[in-house]
Amino acid sequence: MVQESTSNSLFAFEALESNVRSYSRTFPVVFRKAAGAILEDENGFEFIDFLSGAGALNYGHNDPDFLSEAKKYMELNGIIHGLDMATSAKREFMTCFEATILRPRGLTYKFQFPGPTGANAVEAALKLARKATGRQTIISFTNGFHGVSLGALAVTGNKYYRNAAGIPLNYTVFMPYDRYFGVDYDTSEYIERVLADASSGVDMPAAIILETVQGEGGINTASKNWLQSLERLCRKNCILLIIDDIQAGCGRTGSFFSFEFANLSPDIIVLSKSLSGCGLPLSLLLLKPELDVWRPGEHNGTFRGNNLALVTGTAALRKYWANEKLSETVMEAARILRERLQKVAQSNGDHNLSVRGRGMMLGLDCNTGRLAEKIARRAFEDGLVVERCGAEHQVIKLLPPLTIDEQTLQRGLDILDRSVNASA
Ligand SMILES: *Cc1c(COP(=O)(O)O)cnc(C)c1O
C-alpha cells in the first residue's frame, strides 16, 4: 500500500514511478499550479520558471486567452480526437499558420501532422528524406539532440542516451558542428571536402539535420555563414536540409523560425514544443511541396493533429504573431538577459564563466558539471527553476518565457547571481 501523500511528499513518486523519472529528482517538490513565469508547489512556495517545459512554454504557463479558447471549444463539443480526419480546428490552424507565418515570409510548404511529440516529427522527417531521395544515410552533428526513439536517437550525439538503445544506431554520419574545433576552423569546409571525395568513405546522404542553436547539446550556435555554406552544399549535392526547430523555433531566438536570420530555405522544418502555445502535445512537419511523395496513409498514427492543441496553437498565432511586437519584446529581453549574465560571469572571473546562445535561448557555461550543478541546485532552493545542458551538464540553460515581465526576469537573475556567488 502506498501511504497517503502529504504536502510536497515525493513518497508516491519514489514508490510507484519508474527510475527513469528525471526532472522530479532535480526539482524535488510537488508542483500544483502555474501561471505565466511562476510555478507553485503544494506548500504554496513560488518558483520563477526559467525552464519553461524545456522550451514547450514559450508563452508561459496557462495563458488565459489560450485556455479560454480551449474551454469554449470543449463546451461546444468540438472534436477532440479525429485521427487525421478533416476538422474545423485543423483548417483554422493551417489557414492561420499559412497567413500569419508562411505567406509574410514568402515561404511555401505543405503541412504534415505526425504523432504529437518532437521525436514523432523527426522520425517522419528522416523517413520522408530517405524515401524522397532513395539514399540511406543522414548527416547529423556533434552534440545534436533530436529525440530518443530509435531513428531520432540515431541522429542524436549524446552517449548516455545512445547507450540505452540496446541495438546499433546506424545509417548516420556525425560531422563537427560549427566551431567544434574553435573559431579558426570552418567545419563546413571539412564536410564539403568529404562529400566531394569519392574515397572519403562517407556516402552521399539523404539529408542533413541540424539545430541552429543546440538546446540539449550546450547552447551551441551556428553562424549565418556556416548555415549558408551548408545550404549551398545541400543544393549542390541534392541533399535535403532538415531544420529541427523544435526547441529554437516558435520565437525563442526572436523570429518565429530560428533560421530566418540566415535566410535559409529548408526542405523540411520540424516544429513541436511551443507550437500549441500552452504545453499540449502537437508537432508539425513543413515540407516543400515537391517533397510530398507520401502515399496516402503510408506514415500514420492515432494522435495526428491533436485538435485541442490546434485550437490553442491557433490562438497563439493570432495573439502573438499577427505583428512584430513579440519579436521586439524578445530582442529587448534577450539584451537584458545577456548583459546581466555577462556581469554575473565577470564578477566571478576566476571561474572563467562565459555566456552563449541567441535570443532568449542563452547558456551560462560553467566549464564543469560540478559547478553548474551547485549553482542550479542553490538557485532552486532560492526559488528559481533552471536546467543544465551540454555533454557534461556544464551549461546552465536559460529559457524564461518569452512573455516574462522585466521585474520577474530581473528577480530570477538576482537569484542566479546570488547562487553563482555562493557556489563559486
Ligand atoms: C525536445 C527536442 C526533440 C524531441 O522532442 P520530444 O517531444 O521530446 O520527443 C527533438 N529535437 C529537439 C531540438 C528538441 O529540443
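Residues numbered from 1 in each chain as written. Predicted model: local features only at pLDDT ≥ 70, side-chain atom pairs only at ≥ 80, totals over all residues. Heavy atoms only, no water.

Chemist: I tried to follow the sheet that holds strand S17 (residues 395–398) on my own but got confused; where do I start?
Modeler: Within a sheet, each strand pairs with its neighbour through backbone hydrogen bonds, oriented either parallel or antiparallel. The sheet built from four strands is open, its strands ordered S13-S14-S17-S16 with antiparallel pairing. Each end of this open sheet is capped by a strand with a single partner; those strands are strand S13 (354–358) and strand S16 (387–389). Averaged over all pairs of adjacent strands, the angle between strand axes in this sheet comes to 35°, irrespective of strand direction. Pairing between strand S14 (residues 361–365) and S17: four bridges, direction antiparallel. By the bridge assignment, Asp365 is partnered in S17 with Val395. In this fold helix H12 (residues 325–346) packs onto S13, S14 and S17, with an angle of close to 160° to the strand it touches most, S13. Along the sheet face, helix H13 (residues 369–381) touches S16 and S17 and points at about 165° away from the line of S16. (Pairing = 2+ DSSP bridges. Helix = DSSP H or I, 4+ residues; strand = E, 2+ residues; numbered from the N terminus. Axes fitted to C-alpha atoms, helices over the stretch in contact; angles between N-to-C directions. Contact = heavy atoms within 4.5 Å.)

Chemist: Looking at this structure, how should I read the site of the ligand?
Modeler: Looking at the ligand, the residues that line it are Thr117, Gly118, Ala119, Phe145, His146, Gly147, Glu211, Asp244, Ile246, Gln247 and Lys273. Between the ligand and Lys273 there is a distance of 2.7 Å, counted from an oxygen atom to a side-chain nitrogen or oxygen. Taken by itself the ligand offers 380 Å² of open surface, and the protein chains cover 81% of this. Along the lines of polarity and charge, the residues of the shell around the ligand split into three nonpolar, five polar and three charged. (Near = heavy atom within 4 Å. Polar contact = N/O pair within 3.5 Å; in protein donor to acceptor, adjacent residues only side chain to side chain. Areas by Shrake-Rupley, 256 points an atom, 1.4 Å probe, with all protein chains shown as cover. Nonpolar A, V, L, I, M, F, W, Y, C, P; charged D, E, K, R; others polar.)

Chemist: What exactly am I supposed to notice about helix H6 (residues 118–133) here?
Modeler: In an α-helix there are 3.6 residues to a turn, and that puts residues three or four apart on one side. For H6, which comprises 16 residues, the first-to-last C-alpha distance of 23 Å matches the rise-based estimate of 22 Å (1.5 Å per residue) to within 8%. Gly134 lies just past H6 and shows a positive phi near 75°. (Expected span 1.5 Å × (residues − 1).)

Chemist: Just to check I follow, could you spell out the sheet that holds strand S6 (residues 172–175) for this structure?
Modeler: Spatially, S4-S12-S11-S10-S7-S5-S6 is the arrangement adopted by the seven strands of the open sheet, whose pairing is mixed. In the strand order of this sheet, the two ends are held by strand S4 (110–112) and S6, each with one partner. On average, each strand axis in the sheet is tilted by 20° relative to the strand beside it, whichever way the strands run. Looking at chain direction, strand S5 (residues 138–141) and S6 are connected through four bridges and run parallel. Bridging across to S6, Ile138 finds its partner in Thr172. In the packing of H6 onto the sheet, contacts are made with S4, S5, strand S7 (207–210), strand S10 (240–244), strand S11 (268–271) and strand S12 (284–287), and the angle to S10 comes to roughly 175°.

This is a description of form; function is not addressed.
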